[in-house]
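Residues per chain, in single letters:
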Amino acid sequence: MSKNLSIVNKDLKEERDKINFNVEEFTNWFYGGAEKVKEKKYIENYFLSDKDLNLELDTSYLSYKDKYEEAVRRSIVVYKKLYKLHNEMGGTHEDFVKIMENLRFTMGAINPEGNPFVLHFSMFALTIMNMTNDEQKAEWLPRIFNCNILGTYAQTELGHGTYIQRLETTATYDPKTKEFTLNSPTLTSYKWWPGNLGHTVDHAIVMAQLYSQGKCHGIQPFIVQLRDSETHKPLPGIDIGDIGNKVGFQTVNNGFLGFKNVKVPYKNMLMKNSKLLEDGTFIKPKNAKLNYGTMVIIRVHMIIDAACRIAKATTIALRYSLVRRQSPINPNEIEPKIIEHITQQNKIFPGIAKAVVFKCMADYLTKLHLSITQEGNTGNLARMPELHALSCCLKAVCTNEDAKTVEVCRLSCGGHGFLRSAGLDDVYRNSTAAQTYEGENTVMLLQAARFLIKSFNEARNGGSLTEGVKYLFDFIGRNGKREIFDNSINGILRAIQAAAAGRTYIAWKHIEDDKRHNSIEVATNLAGVHLTKAAELHGYVCLLQVGIEEIEKIIRNVSPALGLVFKNILELFAVDLILNKIGDVIQHVDISNEDIEKLEKQMETLFKFFRTSAIGVVDGFDFSDPIIDSTLGSYDGNVYENLINAARKSPLNQEDVNRTFHLYIKPFMKSNL
Ligand SMILES: CCCCCCCCCC/C=C\CCCC(=O)SCCNC(=O)CCNC(=O)[C@H](O)C(C)(C)COP(=O)(O)OP(=O)(O)OC[C@H]1O[C@@H](n2cnc3c(N)ncnc32)[C@H](O)[C@@H]1OP(=O)(O)O
Ligand SMILES: Cc1cc2nc3c(=O)[nH]c(=O)nc-3n(C[C@H](O)[C@H](O)[C@H](O)COP(=O)(O)OP(=O)(O)OC[C@H]3O[C@@H](n4cnc5c(N)ncnc54)[C@H](O)[C@@H]3O)c2cc1C
């Protein structure tokens, strides 16, 4: 994708002239190699250059219904092309994955308020791929990949989203007819929230309580047809619709769904994990949580999504800060680029570092997920709890940081950041949605804390610990003494580890003390605030630890100039982290006021070094103009021209005088009240 061909703003050009490393080399790292970058650019261009998409139309001005209809139309243009490209590339599964990975960015530009088919290609397809037996795969996968059927993942209900054990939808098996009957016995049992459900898809994976031989066997997944394949009318017994306007995700078509005696054939219960024999005998899976597998995959994917949203927001904020001039620092000088105000650097530079470290974490977690899944396929489920805890913890920490960072980027753009055309509002809406979907973040942190407390008990009893929590041994080994701070990257890591272990200990002690008067569950609830803090700190430990390991490897493999930039980024991330968590650190680490002042000074030095590299790094994220879709963040930096051009496109500006003048304003003005 070519950069914008207009003349680049001279302030921005001057910045780019000073970049002292190879931006392309950084881009190659970010996307996993030069070949992948080439593919990404090709795929972006292949889709975005299509005139049928009509990307000139600013959909933000459309009505709710028109937005949805346009999103469906555009998506179909894309998916038709996807299949054409897939065939041209060779038609393998790997080709499909390549295109889908690159569509992540492209779809955001095409449907900024969400994709009405996203669940089909993610949670629906993944559930069928991972939770079915061979016959079911053979029956459903071709229909899914040919889009002969379209589906979603319907789990959450009006009354229950977090506590899925208490979902109320029932699936009652009758061995005589070899059918399940699905019912929504109460209003609160209505499915509520599933993406694409309202009016788009005709099938869903439905999570329902299985009843057989008079007993409830817990929640199980079923494939259910919801709408007629010709008319798209809801099938008998199905009450379905859209849940209405939301904070964001306006074109995702989140829906509601109720069942009244809906018949589903025996073969539609997903049978890879739990099994139901035809006579109604239920066979338990090796681990009941295997049915939660799709959520784990998506949580792992959400880390790279968070990294990319931060990368996009910081690209906009930084480019704007390099062309916007405001408020002389010395009264007699010209107004500087706003980036010269050190508080502006403090708003943006740590965010850029987070995007890089989160990307390292996403790569690490993807590999870990693959290896633990492969072990699972051979029947070894030992590491499932570790993966669950880690994916919950990082999903929460990364999406919380993501929403915070995107909002800081918006604020860093002053008033113009509040314009839709600045491009930060959809990023923010998507970030904040991610804090809730796929597990509300407090709940995710509490799941991670459960693992930490178990590990802490294990460590106290001299048991063995998984690699990521071995730092609990160090805490126990210090026997109440505080960790001594040293101002190196590893010293910062040890300090955050000490804070995480210390907070885990406080939570553990809180539970132990309360257990004397309360049940373990009540005691755990009372320790909830400490538990979430411990889990959050553990998430930062993981990020810094993986960041250090991955960036050390990167530095060994890139040019010295880029290596220095990575070193700078890692230090920025680490020093920003410890300064933000200083309250927790002081509680558990022997750190002096002088040490803290030194860290603050170090941050200023890091800013100074990063000042010249920052633009190269955000350019290296390589968001083309149609993808960044921002008046403030375009490659050419011509923000004022972009702003006025965007304003002129407002529907209100298409006529000199709006009809409300004659209808209301003029009569009002003439009425003398
Ligand atoms: C390939 C392309 C991908 C592209 C990606 C595109 C992204 C798509 C974006 C689409 C946009 C939006 C989609 C949104 C979809 C949704 O939101 S779907 C609905 C998601 N819902 C949730 O996340 C619900 C959250 N709740 C839960 O997960 C569970 O209820 C919870 C884990 C909180 C508790 O489960 P319980 O069954 O009640 O468990 P407990 O009794 O508390 O026991 C906990 C023990 O269970 C272990 N556990 C739990 N889960 C797992 C797991 N998955 N794996 C392994 N182990 C698990 C846990 O460790 C505890 O063990 P212990 O008892 O401590 O030993
Ligand atoms: C944009 C969006 C898209 C979605 N897409 C889908 C989809 O495609 N399919 C689908 O099935 N679902 C979907 N969901 C639903 C989503 O997964 C749930 O909303 C989410 O899991 C939270 O559940 P809840 O709404 O029941 O929140 P609740 O659990 O009711 O949370 C409310 C409050 O209670 C607190 N709380 C709840 N339980 C605990 C606890 N154990 N300890 C401490 N605090 C607790 C929470 O922290 C929160 O503050 C989507 C949601 C959104 C916002």
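As the structure is a prediction and not an experimental result, all values here were calculated from the model.

(A) A look at the overall build of the protein chain. In terms of regular secondary structure, the protein chain is built from 22 helices and 13 strands. Overall size of the protein chain, expressed as C-alpha extent along the three principal axes, is 90 × 80 × 65 Å. Residue pairs in contact within the protein chain that sit at least 24 positions apart in sequence constitute 76% of those at least 6 positions apart.

(B) Representation of the site of ligand 1. The environment of ligand 1 is formed by 27 residues, the closest being Lys289, Tyr292, His388, Tyr437 and Gly439. Looking at the shell around ligand 1, the elements with two or more residues in it are helix 6 (118-131), helix 8 (293-323), helix 10 (384-412) and helix 12 (441-460). Its residues placed into classes, the shell around ligand 1 shows 13 nonpolar, ten polar and four charged. Looking at the shell around ligand 1, you find at least three residues from each of domain 1 (1-31 + 292-663) and domain 2 (149-285).

(C) Local environment of the site of ligand 2. Of all residues adjacent to ligand 2, which total 22 residues, the nearest are Gln155, Thr156, Gly161, Thr162 and Thr442. Among the secondary structure elements, those contributing two or more residues to the shell around ligand 2 are strand 1 (151-154), helix 11 (425-436) and helix 12. Looking at the shell around ligand 2, its residues break down into ten nonpolar, ten polar and two charged. Residues from two domains meet in the shell around ligand 2; each of domain 1 (1-31 + 292-663) and domain 2 (149-285) gives at least three.

(D) Here's a closer look at the environment of serine 371. In this fold, serine 371 is placed in helix 9 (residues 342-377). Given 11 C-beta atoms within 10 Å, serine 371 falls into the exposed group. When the C-alpha atoms of serine 371 and arginine 482 are compared, they prove to be 36 Å apart, with 111 residues separating the residues in sequence.

(E) Quick peek at the packing of helix 4 (residues 64-89) against helix 5 (residues 93-110). Packing of helix 4 against helix 5 brings their axes to within 11 Å, and their N-to-C directions diverge by 155 degrees. When the axes of helix 4 and helix 5 are compared, the pair comes out roughly antiparallel. The handedness of the crossing between helix 4 and helix 5 is right-handed. From helix 4, Arg74, Val78, Leu82, Leu85, His86 and Met89 reach across to helix 5, where they touch Asp95, Phe96, Ile99 and Ile110.

(F) Fine view of the UniProt feature "binding site: FAD" (unreviewed entry) in the protein chain. Here the UniProt feature "binding site: FAD" (unreviewed entry) sits at Thr156 and Gly195. Over a stretch of 40 residues, the named residues converge on one spot in the fold, their C-alpha atoms separated by at most 10.6 Å. Structurally, the position occupied by threonine 156 is in the loop between strand 1 and strand 2 (170-174). Once residues within four sequence positions are removed from consideration, threonine 156 is found in contact with Gly161, Lys191, Trp192, Trp193 and Pro194. Mapped onto the secondary structure, glycine 195 falls in the loop between strand 4 (191-192) and strand 5 (203-212). Beyond its immediate sequence surroundings of up to four residues, glycine 195 is in contact with Val118, Leu119, Thr152, Val252, Asn253 and Asn254.

(G) Looking closely at the confidence of the model for the protein chain. Of all residues in the protein chain, 99% attain a pLDDT of 70 or more, and the chain-wide mean is 96. What the predictor reports for the complex is a pTM of 0.97 with an ipTM of 0.98.

(H) Inspection of the UniProt feature "domain: Acyl-coenzyme A oxidase N-terminal" (unreviewed entry) in the protein chain at higher detail. In the numbering used here, UniProt assigns the "domain: Acyl-coenzyme A oxidase N-terminal" (unreviewed entry) feature to residues 22-149. Along residues 22-149 one finds 73% helix and 0% strand; the C-alpha atoms at either end are 46 Å apart.

(I) Layout of unusual backbone geometry. If you check the backbone angles, serine 327 has positive phi at about 60 degrees while not being a glycine. Structurally, serine 327 is set in the loop between helix 8 and helix 9. Although it is not a glycine, asparagine 672 adopts a positive phi angle of roughly 50 degrees. The topology assignment puts asparagine 672 in the segment after helix 22 (659-670).

(J) Region of interest: the nonpolar core. Of all hydrophobic cores here, the largest spans 120 residues; its most connected members are Ile303, Phe358, Met361, Cys393, Ala448, Ala495 and Ile496. For this core, the element with the most residues is helix 8, which contributes 18 residues. Residues Trp140, Ile223, Leu257 and Met269 belong to the second largest nonpolar core, which totals 44 residues.

(K) Broad picture of helix 19 (residues 593-620). Across its 28 residues, helix 19 extends 38 Å between first and last C-alpha, which sits within 8% of the 40 Å expected from 1.5 Å per residue. Along its length, helix 19 shows its largest kink, about 55 degrees, at arginine 611. Aspartate 622, located one to two residues past helix 19, shows a positive phi value of around 60 degrees.

(L) Highlighting the domain arrangement of the protein chain. Taken domain by domain, the protein chain holds domain 1 (1-31 + 292-663) and domain 2 (149-285). The gap between the C-alpha centroids of domain 1 and domain 2 is 37 Å. Contacts between the two partners involve seven residues from domain 1, matched on the other side by five residues from domain 2. No other element matches helix 11, which puts four residues into the side of domain 1 that touches domain 2. Broken down by class, the residue content of the side of domain 1 that touches domain 2 amounts to two nonpolar, three polar and two charged.

Conventions adopted
- Residues numbered from 1 in each chain as written.
- Chains lettered and ligands numbered in written order.
- Predicted model: local features only at pLDDT ≥ 70, side-chain atom pairs only at ≥ 80, totals over all residues.
- Helix = DSSP H or I, 4+ residues; strand = E, 2+ residues; numbered from the N terminus.
- Contact = placed C-beta atoms within 7 Å.
- Near = placed C-beta within 6 Å.
- Nonpolar A, V, L, I, M, F, W, Y, C, P; charged D, E, K, R; others polar.
- Domains from an automatic or database assignment.
- Buried ≥ 20, exposed ≤ 12 C-beta atoms within 10 Å, placed from the backbone.
- Axes fitted to C-alpha atoms, helices over the stretch in contact; angles between N-to-C directions.
- Parallel < 35°, antiparallel > 145°, perpendicular 65-115°, else oblique.
- Left-handed = near helix turned anticlockwise from the far one by under 90°.
- UniProt positions renumbered as here; feature names shortened; annotations may be inferred.
- pLDDT = per-residue confidence, 0-100.
- Core = buried A, V, L, I, M, F, W, Y, C linked by C-beta atoms within 7 Å.
- Expected span 1.5 Å × (residues − 1).
- Bend = angle between axes of the 7 residues up to and from the residue.

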